[in-house]
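Observations on the model geometry
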Amino acid sequence: MPGPEKASLKIRGKWKQAVDAATIQSRAKKLVSTWAGADEDSLTWRSFKDVGVAGVDAAMDKKSPKLRRVLWAVVLVICLSLMLAQCMDRVMRYIAEPVNVNVRITHNTSLEFPTVTVCHKSPYNITKALELLIKAKLLPKNATGKMVKIPQLAGLNGMTSTDIWTDLAVDVNAFIPECWFGRGITCDAVGKWSLTFTTIGPCYTYQMENARTNLTNTFNNLNVVFQDQKDPSSVAGVRVVLHEPDESPSVLVRTDSMSADFGWARDVKLELRKFQTLNTKKNPCSDDPEYSAEHCISECFQSAVAAVVKCRLPFMNAARDNNSFVPSDCNNPDDYAEANDVLDNMLNLGGWRKHDCDCLHECQETTFLSYPENVAYDNNKIRIRVFYTELVFEDIQEEFAYTMIALLCDIGGTLGLMMGASVLTVCELLEVAWSRLLRLFCLSKNTTEKPIMSVIRVKPAAVVPKTDRLQQQADFMRQAAIYSRNEKNTKKCTLRRNARHNLRTKGIVKKDIACGAAEQRRMPGPKTASLKIRGKWKQAVDAATIQSQAKQFVNTWTDTDEDSLTWRSFKDVSVAGVDAAMDKKSPKLRRVLWAVVLVICLSLMIAQCVDRVMRYIAEPVNINVRITHNTSLEFPTVTVCHKSPYNITKALELLIKAKLLPKYATGKMVNISQLAGLNGMTSTNIWTNLALDANVFIPECWFGRNITCDAVGKWSLTFTTIGPCYTYQMEDARTNLTNTFNNLNVVFQDQKDPSSDVGVRVVLHEPGESPSVLVRTNSMSADFGWARDIKMELRKFKTLNTKKNPCSDDPEYSAEHCISECFQSAVAAVVKCRLPFMNAARDNNSFVLSDCNNPNDYAKANDVLDNMLNLGGWRKLDCDCLRECQETTFLSYPENVAFEENIIRIRIFYTELVYEDIQEEFAYTMIALLCDIGGTLGLLMGASVLTVCELLEVAWSRLLRLFCLSKNTTEQPIMSLIRVKPVAAVPRLQQQMDFMRQAAIYSSNEKNMKNGNFQRFENSNFGERIVFH
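These figures come from a predicted structure and were not determined experimentally.

**Some points on a nonpolar patch on the surface**
- The grouping of L602, I606, V610, V613, M614 and I617 at the surface amounts to a nonpolar patch, some 510 Å² of accessible area in total.
- Looking at where L602 falls in the secondary structure, it is placed in helix α22 (residues 588-617).
- Residue L602 is classed as partly exposed on the basis of its relative accessible area of 37%.

**Let's talk about the sheet that holds strand β10 (residues 258-260)**
- Taken in spatial order, the 5 strands line up as β5-β6-β3-β9-β10 in an open sheet, and their pairing is antiparallel. One side of each edge strand has no neighbouring strand; the edge strands of this open sheet are β5 (191-197) and β10. Averaged over all pairs of adjacent strands, the angle between strand axes in this sheet comes to 25°, irrespective of strand direction.
- By the bridge criterion, 3 bridges tie strand β9 (residues 238-243) to β10 in an arrangement that is antiparallel. Bridging across to β10, V238 finds its partner in A260.

**Topic: the packing of aromatic side chains**
- For the structure on display, the rule yields 21 aromatic pairs.
- Relative to W352, the ring of F301 has its centre 4.9 Å away and its plane inclined at 65°; by these criteria the two rings are edge-to-face. Pair noted here: F301 is in helix α10 (residues 293-306) and W352 is in the loop between α12 (333-348) and β13 (361-362), with a separation of 51 residues, a long-range link.
- Ring centres 6.5 Å apart and planes at 85° place the aromatic pair W715 and F748 in the edge-to-face group. Taken together, the residues W715 in strand β20 (residues 713-719) and F748 in strand β23 (residues 744-749) connect sequence positions 33 residues apart. Comparing W715 with F748 shows no difference in burial state: the two are buried.
- Site record: aromatic cluster; members linked through ring pairs are F175, W193, Y204, Y206 and F226.
- Looking at K274, its charged tip hangs above the ring of F393, at a distance of 5.1 Å from the centre.
- If you follow K796 out to its NZ or CZ, it ends over the ring of Y915, 5.0 Å from the centre.

**Some remarks on the side chain of N743**
- Looking at the element boundaries, N743 is found in the loop between β22 (734-735) and β23.
- A relative accessible area of 0% places N743 in the buried class.
- Among the polar contacts made by the side chain of N743, one reaches the main-chain carbonyl oxygen of L737 at a distance of 3.1 Å.
- Here Y910 takes part through its backbone nitrogen, which lies 2.9 Å from a polar atom of the side chain of N743.

**Details of the packing of α10 against α12**
- Packing of α10 against α12 leaves a shortest axis separation of 10 Å and a crossing angle of 130°. Our classification of the angle between α10 and α12 gives oblique. α12 is crossed by α10, and the crossing has right-handed handedness. On α12, the residues that touch F301, A304 and V305 of α10 are V342, L343, M346 and L347.
- Taken together, the residues that form the contact of α10 with α12 break down as 7 nonpolar, no polar and no charged.

Rules used in this analysis
- Residues numbered from 1 in each chain as written.
- Predicted model: local features only at pLDDT ≥ 70, side-chain atom pairs only at ≥ 80, totals over all residues.
- Heavy atoms only, no water.
- Patch = residues over 30% accessible without salt bridge, like charges linked within 9 Å, V, L, I, M, F, W, Y side chains within 5 Å.
- Areas by Shrake-Rupley, 256 points an atom, 1.4 Å probe, with all protein chains shown as cover.
- Salt bridge = Lys/Arg side-chain N within 4 Å of Asp/Glu carboxyl O.
- Helix = DSSP H or I, 4+ residues; strand = E, 2+ residues; numbered from the N terminus.
- Buried < 20%, exposed > 50% of the residue type's maximum accessible area, 1.4 Å probe, protein only.
- Pairing = 2+ DSSP bridges.
- Axes fitted to C-alpha atoms, helices over the stretch in contact; angles between N-to-C directions.
- Phe/Tyr/Trp six-rings, centres within 6.5 Å; stacked < 30°, edge-to-face > 60°.
- Lys NZ or Arg CZ within 6 Å of the ring centre and 35° of its normal.
- Polar contact = N/O pair within 3.5 Å; in protein donor to acceptor, adjacent residues only side chain to side chain.
- Parallel < 35°, antiparallel > 145°, perpendicular 65-115°, else oblique.
- Left-handed = near helix turned anticlockwise from the far one by under 90°.
- Contact = heavy atoms within 4.5 Å.
- Nonpolar A, V, L, I, M, F, W, Y, C, P; charged D, E, K, R; others polar.

As structure tokens, then:
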């Protein structure tokens, strides 16, 4: 436009400062705009739309329908919540440091051979000690070895405790007359015996030089013979302990040794087991190769003893080397005797426990498992053979079940599955947060920015006089103003058309009378056309309104562009390659290649997902085994049955008195079933009256030193499938003591009847278990004249209740009780009367039997019982009894030694307060399944749950389009329903055409102007308009 000449500007002295301030302000504005965006109106959501998470754009788009935004917001919140829950579960699992235990049986060319320490149960040379005491006149000349007390020698001729143990130790050559390591190879050729001081006294330790062997079987490893010192006052037998070379045997000979008596040979089969455990927070261990747990425990015990006694016994090396307690050797009888009493109290009476020591176990530990067998041998000799049967060892290694890599993979899979997100998405969110902070704090709304020209004082020059061209411009502007006023009447109609265009409505013209009239007044000139409304106006408006509302609902989900309906919705799905494969404008080769890639990836994704789902359905299980230390352990209930459970003498008297047997009859002629019905006696009366007298059958019972069994528990009469038995149950059912003298020690006396079977049956079980069937199926036997030491190990199982291996997680449920009831039901279904052990037959309404009260029924019931238990007439598998999900098992390792005639001594004990905790856990959980599926979707398709929601939205929109707006439906615009008769055009229309031509000329002249007062805006709704500023 021709206009006035440029006004002259006079720059003042502050120009440079203004420029500098504007430059700084511009740079700050540019930095903030880089992150926050310069568009103030779109600041709230604009940055979030750039985050690569499906559904965010739909939920944040203000122009989208409210219902669609709410649905997408709900889906996003649900997916975000599930994602956070799964991520938290994975993190907590990682923090818990779960462990897998791998067990391997490994073959090797050679194996480590243990160091063997042997202690005589009477470790001192009693004959030599007696001579010293008689010579010192501390004992009379006719004294015997039983009168010798070793502490009396302390201080004699300046002898200390170390001198006593050294001088009075059993002669190694007399004590060990023979020793071989393989055929024709003496022990001295490959190792040596050395004197060792332990808590028992002076002992001997054999250690190989190489400490390895490549031979197996009884004659190729250690074969040693021990000779008794033939002193009637000494205790016969030895203690043997197997340990690693760097372990101290001083405490082990009391806690972990095996016993052997003279006149017997013991073959000890070895198995090597290596543990490699992890040093975790829950189960710490020492990974120092020089560290020894047994050495630490030995030092701890020595420290505990040294803190009480006044002098040092020879085994207390730590008391000699540790500066914290340095007592001298015992050199007087009183101090020596006091030290011995303290030693016995701590080891045998529970005054000290291993768990009182702060000693870690070794991360890499070697254990020698021994399985001894006894056979008769020469009198006054013991032969011990220690050997491997094969060169294999059990390698047990722990490894983390859930590593950092697995955690990151699972979190990545969870993010991909639930949100379609990644680390880059997190970076985008951080960028959004950073931009928001910059926008809030660096460019707050209270900040006003002054343009550079407001800082500079400008004095305009004189105004240029008007010309003819300016007059033409003014006339044009007046005409434009008149046109603008007329445009106000069409504002509402224009905005409505704009909204309809944004919804891409096609083929439907929605107008009303006012819009139609305003359309005629859009340009100045022509008169408004007259409209003659017929009687169907109201019906047409109602039909159009309903049609408009339906169209608006459908358009919420679909696209009104018929040509792009087929593929346009699929382009909105956030899967890479879909847009390229569905774009009709793209080259055909490109579309085919992308379609092939998509099909391959989809096939692989489905195959992997099916594989993961099948693995989850299979319910795979991992088994974790842990050796756990505790301050106390559960002690089993012990049931003992005499193999002849009835008092035969008393039964014989009753039968003779009833004249059922002659007076000269013996016990072998007694048949218990003959007593049924005698004097009204039932089977329960018979079992109760003829049960062995508990005081005679169990003359002694101790639980620990000087603690009777009745003080901590009680014996009770129990009816089993053998007959009347006795069960011992502790009140607390737990023990915090170990070793042979600190747990159950019971002696059984035979009834001395030559007709009775000799021996007892012993079964260890939980308090809630019924022993009625167990005494026949799971008991161990012991014969009179023998002593049986039963070492126990506690094993706890925690199994999973799965479809393949169901179990009962009811804490009141007992599998043995269920089996016992099943067996009783099987017996009751055949017999005519009830034996006393059949409690279910008395309590269960399905079969209520009375006690056996005649000999025939009693005898038949006994025959059925024997047939079912001994001849295979009944099996446990026939019972529909679930196993227990949480089960406790007592493993027993018995050892026999000769004992008094007609007496059985049984000692049941723990060697250490540890138990084996075996737990099952699902190897593949639901969260792991979701993580794997998420990883598969992310790897092959870049998809997530939100992508699935997008596909569902596409499907929903297609269904709406097909069924709500089918192509066969014809839509009639509202104006087609109204009959309109237009008025003839007026000459003023020509004037309007002239006005538009002038506007076109004016627009073409604008192209030559750099700075003008007009701008041209193109709007899809308004067309091309001239707006005056």
